[in-house]
Every structure is written in structure tokens, then in C-alpha cells.
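# Structural features, examined
Listed below, chain by chain, are the residues.
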Amino acid sequence: MPNTEYVIFEVDSCKFALPSVAVDRVERAVQLTPVPDAPVPVLGVVNHGGNIVPVLGLRGRIGGEERDVILSDRLIFSSANGRRMAVLADRISDVLEIDNKATHDADEIWPGISLLKSLAGIGSDVVLVQDMSKLLDPEQEMDLLAAIAAVNEAEDSAADD
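Predicted, not measured: the structure shown is a model, and the values here were computed from it.

What follows concerns the overall build of the protein chain. Helix and strand counts for the protein chain stand at two helices and 11 strands. Listing each helix as α and each strand as β along the protein chain from the N terminus yields β-β-β-β-β-β-β-β-β-α-β-β-α. Expressed as a percentage of its 161 residues, the buried residues of the protein chain come to 39%. A separation threshold of at least 6 residues defines the contact pool for the protein chain, and within that pool the share at least 24 residues apart is 57%. Carbon and sulfur atoms provide 50% of the accessible area of the protein chain, an area that totals close to 9000 Å².

A word on the side chain of Ser 78. Relative to the helices and strands, Ser 78 resides in strand β6 (residues 74–80). On the basis of relative accessibility, which here comes to 0%, the residue Ser 78 falls in the buried class. Within polar-contact distance, the side chain of Ser 78 engages the backbone oxygen of Ala 22 at 2.5 Å. With sequence-adjacent residues up to four places away left out, Ser 78 is seen in contact with Ala 22, Asp 24, Arg 83, Arg 84, Met 85 and Met 132.

On to helix α2 (residues 138–160). For α2, built from 23 residues, the straight-helix expectation of 33 Å at 1.5 Å per residue is met to within 8% by its first-to-last C-alpha distance of 33 Å. Buried residues along α2 sit against β4 (42–48), β5 (51–56) and β7 (83–89). In this structure Asp 137 caps α2, since a side-chain oxygen of it lies 3.0 Å from the backbone nitrogen of Glu 139.

The rules we used
Residues numbered from 1 in each chain as written. Predicted model: local features only at pLDDT ≥ 70, side-chain atom pairs only at ≥ 80, totals over all residues. Heavy atoms only, no water. Helix = DSSP H or I, 4+ residues; strand = E, 2+ residues; numbered from the N terminus. Buried < 20%, exposed > 50% of the residue type's maximum accessible area, 1.4 Å probe, protein only. Contact = heavy atoms within 4.5 Å. Areas by Shrake-Rupley, 256 points an atom, 1.4 Å probe, with all protein chains shown as cover. Polar contact = N/O pair within 3.5 Å; in protein donor to acceptor, adjacent residues only side chain to side chain. Expected span 1.5 Å × (residues − 1).

This is a description of form; function is not addressed.
Quick look at the structure:
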């Protein structure tokens, strides 16, 4: 089985990975537009090429508290479940191939965990391979759509006044 190339990124002191084929682009973070009533992992949205893209945070998932965006942060754009989305990262640390023999299915180590696809050992580090399609469950996805629709409706109403 061939090795797979991953984008390695950091959130606090935790290392995550996304398969490079799942990453559309990485850009410097910008100010996020808040979305009232958006589900917990959604930090806000950005306008990216005319599309409203939700930005998700991982700090809450690793036991930390979300923080405001800072200039050195990065947005990792990807798609999952038919929706473009971005993940906020503190930094991109590397793009590298990981031997498939070095990865372990996350469910083998933490039964029932749904947010991760696998874990990989890179030297002395453990890297959490993120499953973008699991960042929002179906109910959170519906809540996000409703929250974005409410913001759009409020903007349309304000434009009519």
C-alpha cells in the first residue's frame, strides 16, 4: 500500500493532519464574520471567492477554549459532505508522506471516537488525522444552514430599509 501525503498543522500543542488531496488551499487567516446561533465548532464565516465558508475550530475538541483569530493563524480550506469549509490552525508545520504502516485506525485506540480518522506516529509525535466529514454531525449541519439563512435574511431586510 503506498504512502499518503498529509498537511500537518498545529492547534495549541496538538498536531493534526489532513490528506493533502483533501486540502483545497491554505491562506492567512482573516477576520471572521460571526454567525449567531451557529453550532459550537463554527467560529464564524468568511467570504471566499463569493462563497460563504464556515470556519471551524478544533480547540474545543481537544479540551481547550476557542480564541480570537490572530494574524499568524492559517485557514485550511477543504470540502466535506458537499460543503466547503475551513479549519482554523495556529500554523502549518509540514507537508509530508506518512507510511500507512505508521497509522492506526482511531477507533482501535479510542473506541467510539468519531472526529478522527486515524492516528499516526511521526518520530516522537502523535499526529491526529482529521476526518473533515465528521466535524459537523447532521444536526449541527442543519443548525449551521439555518443560522446562515437567518443572517442572510437579516442582511436582505436591512438592505431593503
